[in-house]
Amino acid sequence: MECHAYYEGDDDPEKCTARRLERFEIVTLHRSMGRVPYGVVLNPHAERALSPADAADRLVALDCSWESAGEAAFAMDGVHRALPFLVAANPINFGRPFRLTTVEALAGALRILGEDDHATRVLEPFRWGETFLELNEEPLDRYAACADSTEVVAVQSEYLE
């Protein structure tokens, strides 16, 4: 599965996970929204949750600061899906739900879509990468076993209660 990211360039370049993924040739980074290919777009504002039923050839993430991650920032072509409840392992937002870096979002999506080895490879350039998968092992396994978005939302509600 191809991984792409639209790069806003509004956060600290030293902490930017998408730029590191580009350096390791794991993600194709796009600096123009018009050049981002059609695919499954990871969008926290989407109406439907990502599920194994959304398997596609391309996965697209938005790399931007959380302060600018408004709905308008996700105005790109594709099938928009929200990631369900996952906890961040990155040093900035460790333990905070839904505050994922670009690499965590991509890895979580890959696991849900059944691309376990790919998820592990995406996280390899980060010393805390394996921790993300460990922290979220149970929910990721459960989401990956769901048939569709409705089932994913039902599982997610158990974690939110």
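Residues numbered from 1 in each chain as written. Predicted model: local features only at pLDDT ≥ 70, side-chain atom pairs only at ≥ 80, totals over all residues. Heavy atoms only, no water.

1. Observations regarding the sheet that holds strand E3 (residues 40–42)
Okay, step 1: The strand order across the open sheet formed by 5 strands is E2-E1-E4-E3-E5, and the pairing between neighbours is parallel. Since the sheet does not close on itself, it has two edges, and those belong to strand E2 (28–30) and strand E5 (79–81), each with one partner. Each adjacent strand pair in this sheet contributes to an overall mean axis angle of 30°, direction not counted.
Okay, step 2: On top of the sheet, helix H2 (residues 102–112) reaches strand E1 (2–7), E3 and strand E4 (58–63); it is set at about 155° to E4, its chief contact. (Pairing = 2+ DSSP bridges. Helix = DSSP H or I, 4+ residues; strand = E, 2+ residues; numbered from the N terminus. Axes fitted to C-alpha atoms, helices over the stretch in contact; angles between N-to-C directions. Contact = heavy atoms within 4.5 Å.)

2. Some remarks on H2
Because each turn of an α-helix spans 3.6 residues, side chains separated by three or four positions in sequence point in the same direction.
Okay, step 1: Of all the 11 residues making up H2, 11 are buried; the element is thus mostly covered by neighbouring parts of the structure.
Okay, step 2: Within the sequence span of H2, burial applies to Thr102, Val103, Glu104, Ala105, Leu106, Ala107, Gly108, Ala109, Leu110, Arg111 and Ile112.
Okay, step 3: Of the residues trailing H2, Gly114 is marked for its positive phi of about 85°. (Buried < 20%, exposed > 50% of the residue type's maximum accessible area, 1.4 Å probe, protein only.)

3. Overview of the pairing of E4
Okay, step 1: Most of E4 sits inside the fold, with 5 of its 6 residues counted as buried.
Okay, step 2: With 6 bridges joining them, E1 and E4 adopt parallel strand pairing. In the sheet register, Cys3 faces E4, and the bridge partner there is Leu59.
Okay, step 3: Across 2 bridges, E3 lies against E4 in parallel orientation. Bridge pairing links Val41 to Val60 in E4.

4. Considerations on the side chain of Thr101
Okay, step 1: Within the secondary structure layout, Thr101 lies in the loop between E5 and H2.
Okay, step 2: Setting aside its immediate chain neighbours within four residues, Thr101 contacts Thr17, Asn90 and Trp128.

5. Points about the environment of Ser157
Okay, step 1: Inspection of the secondary structure assignment puts Ser157 in helix H6 (residues 149–160).
Okay, step 2: Considered as a pair, Ser157 and Val122 are 35 residues apart in the sequence and their alpha carbons are 27 Å apart.
Okay, step 3: At 2.6 Å, the side chain of Ser157 forms a polar contact with the backbone oxygen of Ala154. (Polar contact = N/O pair within 3.5 Å; in protein donor to acceptor, adjacent residues only side chain to side chain.)

6. Some points on the confidence of the model for the chain
Low pLDDT marks stretches whose predicted atomic positions should not be read closely.
Okay, step 1: On average, the chain scores 90 in pLDDT, and the residues at 70 or more come to 91%.
Okay, step 2: Averaged pLDDT values over the elements of the chain bottom out at 90 in helix H1 (residues 17–23) and peak at 98 in helix H5 (residues 137–144). (pLDDT = per-residue confidence, 0-100.)

7. Side note on a negative patch on the surface
Okay, step 1: There is a patch of like negative charges on the surface, built from Glu130, Glu134, Glu137 and Glu138.
Okay, step 2: Of all elements in the fold, only helix H4 (129–135) and H5 reach the threshold of two or more residues within the negative patch.
Okay, step 3: Assignment of secondary structure puts Glu130 in helix H4. (Patch = residues over 30% accessible without salt bridge, like charges linked within 9 Å, V, L, I, M, F, W, Y side chains within 5 Å. Areas by Shrake-Rupley, 256 points an atom, 1.4 Å probe, with all protein chains shown as cover. Salt bridge = Lys/Arg side-chain N within 4 Å of Asp/Glu carboxyl O. Lys, Arg positive; Asp, Glu negative; His and termini not counted. Charge placed at Lys NZ, Arg CZ, Asp CG, Glu CD.)

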